[in-house]
Amino acid sequence: MVTALVTHKACYDHVTPPGHPEQVARLDAVLGALEGVEMHRVAAPMAATDDLLRCHPQSHLDEIEAAVPAEGWRSLDADTHMSVGSLEAAYRAAGGVVRAVDLVMGGEAQNAFAAVRPPGHHAERETAMGFCFFGSVAVAAKHALEFHGLKRVAIVDFDVHHGNGTQDLVEEDDRILFCSSHQSPLWPGTGAAHETGVGNVLNVPLAVGAGSAAFRAAYEDVVFPRLAAFKPELLLISAGFDAHADDPLASMELTDEDFGWVTSRLCDVAQDHCSGRVVSALEGGYDLDALGRSARAHVEVLEKRGRA
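Residue positions are given per chain, counting from 1 as you read along its sequence in written order. Two thresholds apply to this predicted model, a pLDDT of at least 70 for residue-level local features and 80 or more for giving and counting side-chain atom pairs, whereas whole-chain, interface and lining totals are computed over all residues. Here the side-chain values reflect all heavy atoms present in the structure, with hydrogen atoms and water set aside.

## Points about the packing of helix 1 (residues 25–33) against helix 9 (residues 288–307)
Where helices are involved, their axes are fitted lines through C-alpha atoms of the stretch in contact, as for all axes, and angles between N-to-C directions lie from 0 to 180°. For helices the rule is a DSSP run of H or I covering at least 4 residues; for strands it is a run of E covering at least 2, with both sets numbered from the N terminus onward. In the contact formed by helix 1 and helix 9, the axes pass within 8 Å of each other and the chain directions differ by 40°. Here helix 1 is positioned oblique relative to helix 9, judged by the angle of their axes. As for the relative orientation of helix 1 and helix 9, their crossing is right-handed in sense. Here helix 1 contributes A25, R26, A29, V30 and A33 to the contact with helix 9, which in turn contributes L288, L291, G292, A295 and R296. Throughout, the ten residues Ala, Val, Leu, Ile, Met, Phe, Trp, Tyr, Cys and Pro are labelled nonpolar, Asp, Glu, Lys and Arg are labelled charged, and all others, Gly among them, are labelled polar. The residue makeup of the contact of helix 1 with helix 9, split by class, is seven nonpolar, one polar and two charged. Orientation labels follow simple angle bins: below 35 degrees gives roughly parallel, above 145 gives roughly antiparallel, 65 to 115 gives roughly perpendicular, and whatever is left gives oblique. Here a crossing is called left-handed whenever its near helix is offset anticlockwise from the far helix by less than a right angle, and right-handed whenever the offset is clockwise. In what follows, residue pairs with any heavy atoms lying within 4.5 Å of each other are defined as contacts.

## A few points about the pairing of strand 5 (residues 111–114)
In strand 5, alternate side chains face the same way, and those of N111 and F113 on one face and A112 and A114 on the other are all buried. Strand pairing is defined by DSSP finding a minimum of two bridges between the two strands. Sheet analysis places strand 1 (residues 3–7) next to strand 5, joined by four bridges and oriented parallel. Paired with L5 across the two strands is F113, which belongs to strand 5. In terms of strand pairing, strand 5 meets strand 10 (residues 278–282) through four bridges, oriented parallel. Note on strand 10: the bridge partner recorded for A112 is V279. When accessible area is computed with a 1.4 Å probe and restricted to protein chains, residues below 20% of their type maximum are described as buried, those above 50% as exposed, and intermediate ones as partly exposed.

## Details of the confidence of the model for the chain
Fine structural detail should not be taken from predicted coordinates in areas where pLDDT scores are low. As a per-residue measure, pLDDT tells how confident the predictor is, with possible values from 0 to 100. Summing up the model confidence of the chain, the mean pLDDT is 98 and the portion of residues at 70 or higher is 100%. Least confident of the elements in the chain is strand 3 (residues 74–75), whose mean pLDDT is 96; most confident is strand 6 (residues 153–157), at 99.

## Concerning the environment of D268
Of note, D268 is situated in helix 8 (residues 256–273). Take D268: its relative accessible area is 27%, and that puts it in the partly exposed class.

Right under this line is the structure:
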């Protein structure tokens, strides 16, 4: 089996204002770092409207389309901006994660990494925010349930910011387990341990400067046992690398090796419960060098497991 790399050149066309951390260069950093890693490259398609509508109302899709500027940028809030190419990029970002699910569920790949932007885990049902327009990973989870007939899908989000959007989109669906580790306090201010959805949400807030030991202990003691009890049929990862010590937007103090470790352990869970089926999607990570190194550490594990 192989590891699929799902991406698209249109993801470069989502151009943010100068100085914005979610910049075009992020994709160059990731794809450049993955050169030499043996993967099956697949073009990300446009997301199907039916897939998006499982998470977002038509009014949200219409509002995003109407916000596309004729030139320059249009700001949806202080952090979230649209350029001429943002709409296609957002549709391909969501469509790319869905395509990754299809590749893995169809047996064409053991696992997959969607190197796409804009990210998605802050997009709520009717609100674009935090650099995100559509909840790509939540959309892919719902697709796996409805199209592939799965009964249990798990999402693990190790981005340094809480995946408030993903939580908003899945917290009433007990077929989906959402586990998020994140720095707290930190934007967006959600993700307290008492936020549990219908019993399907596990939030693991970590302190400023938590570091490797606390991060790893949280996964060993809390996240992995919860995943094992849930027995997912597919594991999705919101792979944000902004918990790295070099990242300018947070202070969790992780290393490249921590991302390789958590990926390996998540693959162990997937091997035990869902025949190794893992789909990962790029979320945050804003120091370009750290982003590239961390993404490579993450994907090298996926590629090794794909060959095993």
